[in-house]
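Structural description and commentary
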Amino acid sequence: MLSNLVAGFAAILNFQTILLMLAGMAGGLLVGALPGLTATMAVAIMVSLTFGLTGTTALAMLLSIYLGAVSGGFVSAILINTPGTPASIATTFDGYPMARKGLAGKALGLAFMASLVGSIIGIVALVLLAPFISRAALRFSAPEYFAIAVFGLAMIIGISGKDLAKGAFSGVVGLLIATVGLDPVTGVARFDLGNVNLLGGFSFVPVVIGLFAISEALYQATQAGRASQVKQSVRSIFPKMSTLWLHKWLILKSGVIGTFIGALPGTGADIASLVSYTEAKRSSRHPELFGKGAEEGVIASETANNAVPGAAMIPLLTLAIPGDAVTAVLLGALRMHNLQPGPLLFRDHIHQVYALYAALLLGVVMLRVVGAVVLPWFARIMNLPRPHLVAAILLFSFVGSYAINNSVFDMGAAVAFGILGFIMLRFDYPVGPMVLALILGPIAEDRMRTALVMSQGSWAIFVTRPISAVFLALSVAALVFMYRQHRNIAKLERDMQRAAEDLDSSPEAGVE
Amino acid sequence: MTAMAAAAFLWSTTLPPSRTAVPGAGFYPELVSGLGIVLGLIVLGRATWALATRQRHDETDGEPHDWLRYLRIGGPIIIAAALFVFAFERIGFLLSSFAFLVVALVLLGERRAWLIALVSALLSAGVYFLFNSVLQLPLPRGSVFG
């Protein structure tokens, strides 16, 4: 393992890769800090820009953006009570009240350090667990992969947001979109509308750019002039180590929660942070302080959500099952660079796998350095004129969707999916389930039909093989668990909203 | 969307069956679109019920949907995007992107002409340089630049 890790570092320790990782990290932090811009959007746009790079360099850069974007989300969550990414929703509960009390610098520092420790916990879990899972997965065949894909699809409910039916419906639309083009088994054209461009189906990256980047830019465009600008300034984000040491067990527990939830397909950093926050509040000696500026609230949320990127890579790399929308985009990127995730990746491309581990570990170190330099400035950058930012996002989105295949059709598809995504956002339909379904749908269909060939048409094959049966049973259990979790989180959010309203009506204000 | 799922279901039933025992090309889309119809009807039923009981409100931002505003700002931007896609390979990236950015910035509320021109020119040139020279992904030059 150690020699592989050394080889992994050797593969990424070159000028070009480090420079691109630094740029990606700074860009990711900026995207994370700006409300409305998500990690998925940033990674989706940048995938197209990595086309000319080697696979290792491209993925190192994309992972840096991912790490940076998840980490940067707390800045606006703390300073202006608006989470930069959904992963930092729980950080607003206590981060903003801390800022209102004049403790913005302390809150940012705690969040920053917690996010670093969380990232390390997630990556360590990835390095330790992935080889075992991939070895076990080598024995899987079509029925098992079908069951795993169903498990991943069942998890869509976890990223469905407030309305489970709408989330599930969004997933179904994604499954249908994935069927466009030639049937992989019989070669029959499906839903092609007589257009030759559709025979190969929709290209994944333009669809994702449309759903995440263009739709969000359109939304931001319609909000132009509406957002209130809150001026904030922060001088330093270095917390006292003694403060962190005081919360060491909470950090460890939150990191483990984030790792466990992140490793489950279909969950994500937002759920991890909310579950961790709930647990921190439940086990705290002073639960009454939560929602009013408790340090533990910020630490629990940021440790857990930053453990997710590393942990989410476990099912992605070992089973080719993305944990959330952003890892679904990363899966597309891996395939674009001729790296097919799954157990064979660990057998045939072990050096690239360890290069990814090395990129994640180096990324965490860079996060510390880059973050310390740029985060205080982002408080000012958040006041940039929105029109310029939105116009730039639109242009990058268009060109990025074109550059994948040099296809104007792809660019048109990105615009069309941007409009669809915008309408979905406006009607509270989450787009994450659709993207997850786009990735898992073809796997589910292909493996299901292959398994039925194996069993000569008998559906019993899915329940008579133990691993397949276990995953199908887990799918049902996960649906029940996620449904109950969804209700608990909705209750927590209602409580926090009430606490925030109470705080807003209090006369305290000001930040350092 | 429910109607689209229904249309997909009907279309799926017209796909030819497989000659072997394996489900044919239409089986999986039938299954998925059938599920889509059920879920669509659930969402539709709930929305109708909420309307009937006058409890419907926008859960995204607590404000009612401002469709006029969306159409007034979003509509022209979408049209500009469509024109950009149409002109992209015909007149080239530089001209089409400059024109798109000028229109987009105006629509987004920027009123300072010098800033619109500067941002549009810098962004167009910067993206062109990034793709053509740094990433080695050539963008169309169009008929104007040969």
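Look up a bit, the structure's there.
First, a word on what this report is: a plain description of the structure on this page. Fair warning: this is a prediction, and the values are worked out from it, not measured in the lab. (Residues numbered from 1 in each chain as written. Chains lettered and ligands numbered in written order. Predicted model: local features only at pLDDT ≥ 70, side-chain atom pairs only at ≥ 80, totals over all residues. Heavy atoms only, no water.)

**Side note on the overall build of chain A**
For clarity, the cut-off: Secondary structure is summarised from DSSP: a helix means a run of H or I of at least four residues, a strand means a run of E of at least two, and numbering begins at the N terminus for each. Residue contacts follow a heavy-atom distance rule, with two residues in contact if any of their heavy atoms lie within 4.5 Å. A 1.4 Å probe and the Shrake-Rupley method give the accessible areas. Residues count as covered only by the protein chains that appear here.
In terms of regular secondary structure, chain A is built from 21 helices and two strands. When contacts within chain A are restricted to residue pairs at least 6 apart in sequence, those whose partners lie at least 24 apart make up 80%. Accessible area for chain A stands at about 18400 Å²; split by element, carbon and sulfur atoms hold 66% of it.

**What to know about the overall build of chain B**
Filter applied, for reference: When a residue's accessible area, from a 1.4 Å probe over protein chains only, is under 20% of the maximum for its type it is buried; when over 50% it is exposed; and in between it is partly exposed.
Looking only at helices and strands, one finds five helices and zero strands in chain B. Listing every helix and strand of chain B by position from the N terminus yields α-α-α-α-α. A buried classification covers 39% of the 146 residues belonging to chain B. Partitioning the intrachain contacts of chain B with sequence separation of at least 6 by distance along the chain shows that 48% fall at a separation of at least 24. As displayed, chain B offers around 8500 Å² of accessible surface, 70% of which is attributable to carbon and sulfur atoms.

**Regarding the packing of aromatic side chains**
In plain terms, the rule: The aromatic pairing rule takes the rings of Phe, Tyr and Trp, using the six-membered ring of Trp, and pairs them if the centres are within 6.5 Å, calling planes under 30 degrees apart stacked, those over 60 edge-to-face and the rest tilted.
In the structure shown here, the tally under the stated rule is 18 aromatic pairs over all chains. Ring centres of Phe84(B) and Phe100(B) lie 5.5 Å apart, and the angle between their planes is 40 degrees; this geometry places the pair in the tilted category. Of the two residues, Phe84(B) is situated in helix α3 (residues 67–91) and Phe100(B) in helix α4 (residues 93–107); the sequence distance between them amounts to 16 residues. Of the residues examined, Phe84(B) reaches a relative accessible area of 2% and is grouped as buried. With relative accessibility at 3%, the residue Phe100(B) sits in the buried group. Feature note: the residues Phe398(A), Tyr402(A), Phe84(B), Phe88(B), Phe93(B), Phe100(B) and Tyr128(B) constitute an aromatic cluster, connected by ring pairs.

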